[in-house]
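# Structural features, examined
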2 protein chains.
Amino acid sequence: MSVFSGRPAYLQIADDLRSQILEGALQADDKLPSEPALMDDYGVSRIVVRQALDVLRAEGLIVKQQGRGSFVRALVPPTKRVLGHLYNERPEGSPFAAVTSAGGQRPEWDYQSRKTAASKVIADRLGIAPGDPVMRTSYRFLADDEPVMLSTSFEPLAITGGTSIEQPESGTVTGVVPRFDQIGLHITHVKEDVNGRAARPYEAETLQVPQGVPVLVIERTYYVEDQPVETADIVVSSARYVLSYRLEIPPRT
Amino acid sequence: MSVFSGRPAYLQIADDLRSQILEGALQADDKLPSEPALMDDYGVSRIVVRQALDVLRAEGLIVKQQGRGSFVRALVPPTKRVLGHLYNERPEGSPFAAVTSAGGQRPEWDYQSRKTAASKVIADRLGIAPGDPVMRTSYRFLADDEPVMLSTSFEPLAITGGTSIEQPESGTVTGVVPRFDQIGLHITHVKEDVNGRAARPYEAETLQVPQGVPVLVIERTYYVEDQPVETADIVVSSARYVLSYRLEIPPRT
DNA sequence: ATAAATTTGTTCGTATGTATA
DNA sequence: CTATACATACGAACAAATTTA
């Protein structure tokens, strides 16, 4: 196997290895040839081999482990989770706990809350003024002791300040919808904006995933009749999480 | 500014530049210092500077353009689109056309259809046997002449073969729901699995985005009462597309 | 339990090609 | 046309993690 000119060598090598993975010649958890072996195979320098492997890593097709090698990543995420439509079925309780329990795993989370001033972005999402006081809570969600999701939520203190739910995790009731029900505000709908990017170092460390793996970022905002009452940034590894939902099509008229 | 030992230099530089972007010192579309300038600033070699920039590119924070420089990417995607809940509001017509028109842009698409045999993955999703005949159609969707979305769809010929909708784009009716209505099959719901990863070379080229940018991949399957009738892989640049939807919370009982 | 070998991670220097200003 | 800036690619060395002997 050798490279022809015209297309960068590292892309040709990435193409070749990608085909082998996609066509099944290299299967999940298989070890790829070592970098020196690939240098020999393709007759290129180490930097070219590493660039090719970096391409495949960014595509989520392989993982590299120092001292061990590069391995084909399972194409189907091992723990497939469902977000979204669960709200309709079980509005009570925390969606995370419900989904995790349903998958036969033990849900846990820890968190840190503190009062702070709303940034411009957060103020926009909550319909308040920049600098207004908000309660900021950072969550780390674990399934069977493995961190799978990060979340940072913001609630305007103009709404929750002085109430029994000012501290998000101090009561016995979990889940945003039941919590707001406690102060007489029933959440009517949720909006979510989903985007994808590579994990930032802090996220990679906290989620215990290799650097640069793709993550899904969900901007979620809870509303009571067009009034935002809570907004959160949620980060999940796309290797362990699939955002899955079901949409009903109305009957033909 | 210099680097201390203990943490890789390229990560320290990425951290520093990331802070400047996130804190607003470097704003959207601002040009970052050139690679030689960064080499001077931090006292490192070119390879380290490039690794740092590659980290930020994978995170979607910057774009690099050969011959021009590296630029801060707009944090809020410029054309925010909505998928999903539109099905409930306007089941008629193509969702893409509806969304694009609603955003004041002109929708267009081209495509290629061919009969082929179902791969194992596609057969699984369609509930048929591997090797069964399917109609495969690759779409390229454009908004105002700019490619924004790729889609590859598969329909079992056991269902559509010999009917008026065997060729997905030969009739006058667009959109999967209305098309299947034409042969008396009313689609009852849609399932979507969303994941994120870096664009593959073919996708980057077709979508006219720089290599390695994060994309969202949506696996969408249409059902008629638990019978899959169409499945598609949809790829969108997360720079230009946000998957957005709204979930209703039922009233308190 | 240790040492050696293997494998990826980080970093330097250097050179040439290609796109843009 | 020239200078600038990023893209690709060679060679080399040492560090860190893991596996093997």
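Look above for the structure.
Since we're looking at a predicted model, the values are computed, not measured. (Residues numbered from 1 in each chain as written. Chains lettered and ligands numbered in written order. Predicted model: local features only at pLDDT ≥ 70, side-chain atom pairs only at ≥ 80, totals over all residues. Heavy atoms only, no water.)

## Points about the overall build of chain A
- Helix and strand counts for chain A stand at nine helices and nine strands.
- Burial statistics for chain A: of 253 residues in total, 51% are counted as buried.
- Total accessible area on chain A stands at roughly 11,700 Å², and carbon and sulfur atoms take up 50% of it. (Helix = DSSP H or I, 4+ residues; strand = E, 2+ residues; numbered from the N terminus. Buried < 20%, exposed > 50% of the residue type's maximum accessible area, 1.4 Å probe, protein only. Areas by Shrake-Rupley, 256 points an atom, 1.4 Å probe, with all protein chains shown as cover.)

## Thoughts on the interface of chain A and chain B
- Contacts between chain A and chain B engage 50 residues on the former and 50 residues on the latter.
- Both faces considered, chain A and chain B share a buried interface measuring about 4,500 Å² in area, 54% of it formed by carbon and sulfur atoms.
- When the buried surface of chain A facing chain B is broken down by residue, Tyr245(A), Leu247(A) and Ile249(A) rank first, second and third, together holding 17% of it.
- The interface formed by chain A and chain B includes two residue pairs in polar contact (both at pLDDT 80 or more).
- Mapped by element, the contributors of at least two residues to the side of chain A that touches chain B are helix H1 (9–22), helix H3 (46–58), helix H4 (86–89), helix H8 (176–182), strand S6 (189–198), strand S7 (214–224) and strand S9 (243–248) of chain A.
- Residues of the side of chain A that touches chain B, tallied by class, amount to 26 nonpolar, ten polar and 14 charged.
- In this structure, S6(A) lies alongside strand S9 (residues 243–248) of chain B, joined through six bridges in antiparallel fashion. By the bridge assignment, Val194(A) is partnered in S9(B) with Leu243(B). (Contact = heavy atoms within 4.5 Å. Buried area = accessible area lost by both parts, 1.4 Å probe. Polar contact = N/O pair within 3.5 Å; in protein donor to acceptor, adjacent residues only side chain to side chain. Nonpolar A, V, L, I, M, F, W, Y, C, P; charged D, E, K, R; others polar. Pairing = 2+ DSSP bridges.)

## Regarding the protein's contact with DNA strand C
- Around DNA strand C lies a shell of 23 residues, among which Glu35(A), Arg46(A), Ala9(B), Ser45(B) and Arg68(B) are the nearest.
- In the model, a base oxygen of DNA strand C is placed 3.3 Å from a nitrogen or oxygen of the Gly67(A) main chain.
- At 2.9 Å, a side-chain N or O of Tyr10(B) approaches a phosphate oxygen of DNA strand C.
- For the surface near DNA strand C, the secondary structure elements donating two or more residues are helix H2 (35–42), H3, strand S1 (62–65) and strand S2 (69–72) of chain A together with helix H1 (9–22) and helix H3 (46–58) of chain B.
- The biggest single contributor to the surface near DNA strand C is H3(B), with three residues.
- Class assignment for the residues of the surface near DNA strand C results in seven nonpolar, ten polar and six charged. (Near = heavy atom within 4 Å.)

## Let's talk about the protein's contact with DNA strand D
- In the neighbourhood of DNA strand D, 23 residues make up the surrounding shell, with Ala9(A), Tyr10(A), Ser45(A), Glu35(B) and Arg50(B) lying closest.
- Per the 4 Å cut-off to the protein, sugar and phosphate atoms form 71% of the nearby atoms of DNA strand D.
- Taking Arg46(A), its side chain carries an N or O atom lying 3.4 Å from a base nitrogen of DNA strand D.
- For the surface near DNA strand D, the secondary-structure elements that each account for two or more residues are H1 and H3 of chain A together with helix H2 (35–42), H3, strand S1 (62–65) and strand S2 (69–72) of chain B.
- Residue contributions to the surface near DNA strand D peak at three residues, all from H3(A).
- A per-class count over the surface near DNA strand D returns seven nonpolar, nine polar and seven charged.

## Overview of the environment of Gly104(B)
- One can find Gly104(B) in the loop between helix H5 (95–102) and strand S3 (107–117).
- Each C-alpha atom of the pair Gly104(B) and Ile128(B) lies 40 Å from the other, and the pair is 24 residues apart in sequence.

## Comments concerning the packing of aromatic side chains
- In total, this model carries six aromatic pairs over all chains according to the counting rule given.
- Each ring, one from Tyr111(A) and one from Tyr139(A), has its centre 6.1 Å from the other, and the planes form 40°; the classification is tilted. Of this pair, Tyr111(A) sits in strand S3 (residues 107–117) while Tyr139(A) sits in strand S4 (residues 133–143), and the two are 28 residues apart along the sequence.
- You can call Tyr111(A) partly exposed: its relative accessible area is 38%.
- Judged by centre distance (5.4 Å) and plane angle (15°), the ring pair of Tyr139(B) and Phe141(B) falls under stacked. Across the pair, Phe141(B) and Tyr139(B) agree in class, each one buried.
- Following the ring pairs from residue to residue traces out a cluster consisting of Trp109(A), Tyr111(A), Tyr139(A) and Phe141(A). (Phe/Tyr/Trp six-rings, centres within 6.5 Å; stacked < 30°, edge-to-face > 60°.)

## Concerning the sheet that holds strand S5 (residues 146–156) of chain A
- Strand order in the open sheet made by the seven strands is S3(A)-S4(A)-S5(A)-S8(A)-S7(A)-S6(A)-S9(B), with antiparallel pairing throughout. Of all strands in the sheet, those bounded by a partner on one side alone are S3 of chain A together with S9 of chain B. Neighbour-to-neighbour, the strand axes of this sheet turn through a mean angle of 20°, independent of strand direction. (Axes fitted to C-alpha atoms, helices over the stretch in contact; angles between N-to-C directions.)

## Some remarks on the side chain of Thr188(A)
- Inspection of the secondary structure puts Thr188(A) in the loop between H8 and S6.
- A residue is classified by how much of its surface remains accessible, and Thr188(A), at 17% relative accessible area, is buried.
- With near-sequence residues (within four places) excluded, Thr188(A) lies in contact with Tyr223(A), Val224(A), Glu225(A), Leu247(B), Glu248(B) and Ile249(B).

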